[in-house]
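# Observations on the model geometry
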Amino acid sequence: MIGKPIEKALNEQTHAEFYSFYLYLSVSSYFTDLHLDGFASWMEVQAQEELGHALKLFHHVQERGGRPHLTAIDEPTRDWTSPAEAVKAVLEHEKHISGRINKLADLASAEKDHATSVLLHWYISEQVEEEATADRLYHQVAMVQESPQGLLMLDRELAGRGVTAAEG
Ligand SMILES: [Fe+2]
Ligand SMILES: [Fe+2]
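If you're wondering where the values come from, they're calculated on a predicted model, not measured in any experiment.

### Some remarks on the overall build of the protein
Scanning the protein from terminus to terminus reveals five helices and zero strands. Taking 2.2 N^0.38 as the reference for a compact globule, 168 residues should give roughly 15 Å; the C-alpha atoms of the protein span a radius of gyration of 17 Å, in line with that estimate. Here the C-alpha coordinates of the protein stretch approximately 55 × 25 × 25 Å along the principal axes. Buried residues in the protein amount to 47% of all 168 residues. By sequence separation, contacts in the protein at least 24 residues apart represent 82% of the contacts at least 6 residues apart. The centroid of the 14 positive side-chain charges in the protein is displaced by 7 Å from the centroid of its 27 negative side-chain charges.

### Some points on the pattern of salt bridges
If you walk through the whole model with that rule in mind, you get six salt bridges. With a shortest N-O distance of 3.0 Å, Lys8 and Glu12 are connected by a salt bridge. Of this pair, Lys8 and Glu12 both sit in helix α1 (residues 4–33), four residues apart, which is roughly one turn of the helix. Lys8 sits in the exposed class, given a relative accessible area of 55%. The partly exposed category is assigned to Glu12, whose relative accessible area is 38%. A salt bridge links Arg64 to Asp113; the nearest nitrogen and oxygen atoms lie 3.1 Å apart. Residue Arg64 is found in the loop between α2 (37–63) and α3 (83–110), and its partner Asp113 is found in the loop between α3 and α4 (114–144); the two are separated by 49 residues along the sequence. Arg64 gets classed as buried once you look at its relative accessible area, which sits at 17%.

### Comments concerning the nonpolar core
Formed by 26 residues in total, the largest nonpolar core has its most connected members in Val27, Phe31, Phe39, Met43, Leu137 and Val141. Elements with a minimum of two residues in this core: α1, α2, α3, α4 and α5 (148–158). Here this core gets seven residues from one element, more than from any other, and that element is α1. Apart from the residues within four sequence positions on either side, Val27 is in contact with Met43, Trp80, Ala86 and Val90. Val61, Ile97, Leu119 and Leu120 belong to the second largest nonpolar core, which has 15 residues in total.

### Examining the packing of α3 against α4
The packing of two helices is summarised by the inter-axis angle and the distance between the axes. The contact between α3 and α4 brings their axes to 9 Å, and the two run at 160 degrees. Accordingly, the angle class assigned to the pair α3 and α4 is roughly antiparallel. For α3 against α4, the interelement crossing comes out left-handed. Along the lines of polarity and charge, the residues of the contact of α3 with α4 split into 18 nonpolar, six polar and six charged.

Cut-offs applied
- Residues numbered from 1 in each chain as written.
- Chains lettered and ligands numbered in written order.
- Predicted model: local features only at pLDDT ≥ 70, side-chain atom pairs only at ≥ 80, totals over all residues.
- Heavy atoms only, no water.
- Helix = DSSP H or I, 4+ residues; strand = E, 2+ residues; numbered from the N terminus.
- Rg over C-alpha atoms; globule rule 2.2 N^0.38 Å.
- Buried < 20%, exposed > 50% of the residue type's maximum accessible area, 1.4 Å probe, protein only.
- Contact = heavy atoms within 4.5 Å.
- Lys, Arg positive; Asp, Glu negative; His and termini not counted.
- Charge placed at Lys NZ, Arg CZ, Asp CG, Glu CD.
- Salt bridge = Lys/Arg side-chain N within 4 Å of Asp/Glu carboxyl O.
- Core = buried A, V, L, I, M, F, W, Y, C linked by side-chain atoms within 4.5 Å.
- Axes fitted to C-alpha atoms, helices over the stretch in contact; angles between N-to-C directions.
- Parallel < 35°, antiparallel > 145°, perpendicular 65-115°, else oblique.
- Left-handed = near helix turned anticlockwise from the far one by under 90°.
- Nonpolar A, V, L, I, M, F, W, Y, C, P; charged D, E, K, R; others polar.

Set out below in structure tokens:
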């Protein structure tokens, strides 16, 4: 049976992951608007991944005898001044999520909730990947910012991220 503080914290994290889904989808639509379809598709795949992160927590709460609490999701930013700024927003958001996951892991340890600790190990590793990926993408976009050719080349490369990548 899940303890109340952990149930509440996991429900809040479920909400944060749903917000991530919204944010990536918003960034995706920003890139579609710029006709950078590779970026848009990459962001949509990432949005699907975030949905998976939210559902994994949602199911964990249920499996442990708790009850998910779905609260309203804030409207994400809709426009950015440049592709680099949009990717920077994603990077900053992932850093914020990593901080949240680390605090959750502290709470699970303090509450001696080993099942949640094991689940959170997956999220801790996932955040290492998410931050590294967003950081690399941000630097690459910033590098080609002034070059339409560079941006188009990167766009084509990003189009290669298939839907199957949405698993981790
Ligand atoms: Fe996530
Ligand atoms: Fe990932």
